[in-house]
Amino acid sequence: MTWIPGGVFTMGSDDHYPEERPSRRVSVDGFWIDPSPVTNQQFARFVDATGYVTFAELPPDPKDYPGADPALLIASSMVFSPPRGPVDLRHHLQWWAFVQGSNWRCPYGPGSDIQGLGDHPVVHVAWVDVLAYAAWAGVEIPTEAEWELAARGGLDEAEFAWGDTFLRGGRHMANTWQGAFPHQNTLDDGWARTSPVGAYPPNGYGLHDMIGNVWEWTADWWSTPDAGAEAPRCCAAKNPRGGLEEDSCEAGGLPIPRKVLKGGSHLCAPNYCKRYRPAARHAQPIDTSASHVGFRCIVRSRV
């Protein structure tokens, strides 16, 4: 693991999406963090040692989804499938679908596998799977503030994890989407899906893929800062945490708690999801795994 020195930094952004506001000063203690997302090879060692079966490999329990059509309660996970042409970007189910038989071993559904993808991030992991891996490895999952401090690589208030310019010398610095999402991917960076964890340069702390490749789970329950409130200027919040579990569910949606994802993924594009930045965040139901969501672990200092 890589040591991240504690300190004060500016968390969030006032320049992009409402859920990132307001930018505010926070203080985080030092910790150790994985230099890259957990890979298929690492996750396979965990499964081999424990016999663990992931959430996506098990049919959902009908008791958890009262009133649901039993025919829909099948072992599955969300898989990205690009449409043939432009679509209404307000309706994500035009490019996402629950695919029966998709899981960490079969990331694109039946017939797919992870041969040759051992050094790619593991995907199709739900929150319970992340917790199980962390318990086995004797580690923890970072809070949103810890994750964002690490992602910034010492560049406080920079737009990206490597500075304020998306390309550096014409070079892509992260695995993101090029072209018109979700139907046109020009593959300027060479990757249609996930990439090996060392394919892009590390940030200032020596960490790979803090931006792009896969979204990463954090330990915080989803909450939205009060975008209309001014951040306090007198002091920095110490080791801040997210909201309450009961408040993290989507208003008007299913009563499924949500966690904060960070970092963006290979599907983030300027015309739809400009979230390949340290300040960006996304709400993810704890019972939903997907082909672009992974995780990394930390060890908090006990000094």
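The structure displayed is predicted, hence computed values, not measured ones. (Residues numbered from 1 in each chain as written. Predicted model: local features only at pLDDT ≥ 70, side-chain atom pairs only at ≥ 80, totals over all residues. Heavy atoms only, no water.)

### Quick notes on the sheet that holds strand S9 (residues 215–221)
The four strands are arranged S12-S11-S9-S13 in an open sheet whose pairing can be described as mixed. Edge strands, defined here as strands with exactly one partner in the open sheet, are strand S12 (281–285) and strand S13 (293–294). One ladder, built from two bridges, connects S9 with S13; its direction is parallel. Looking across to S13, one finds that Glu 216 is bridged to Gly 294. (Pairing = 2+ DSSP bridges. Helix = DSSP H or I, 4+ residues; strand = E, 2+ residues; numbered from the N terminus.)

### Section: the packing of helix H1 (residues 40–50) against helix H2 (residues 127–137)
Close contact between H1 and H2 brings their axes to 11 Å; oriented N to C, the two are set at 75°. Taken together, the axes of H1 and H2 are roughly perpendicular relative to one another. On the side of H1, the interface is formed by Gln 42, Phe 43, Arg 45, Phe 46, Ala 49 and Thr 50, while H2 contributes Ala 132, Tyr 133 and Trp 136. Taken together, the residues of the contact of H1 with H2 sort by class into six nonpolar, two polar and one charged. (Axes fitted to C-alpha atoms, helices over the stretch in contact; angles between N-to-C directions. Parallel < 35°, antiparallel > 145°, perpendicular 65-115°, else oblique. Contact = heavy atoms within 4.5 Å. Nonpolar A, V, L, I, M, F, W, Y, C, P; charged D, E, K, R; others polar.)

### Describing the environment of Val 122
Mapped onto the secondary structure, Val 122 falls in the loop between strand S6 (96–100) and H2. Distance from Val 122 to Gln 284, taken between C-alpha atoms, is 17 Å for residues 162 residues apart in sequence. Ignoring sequence-local partners within four residues, the contact set of Val 122 consists of Val 38, Thr 39, Asn 40, Phe 43, Trp 104, Val 293, Gly 294 and Phe 295.

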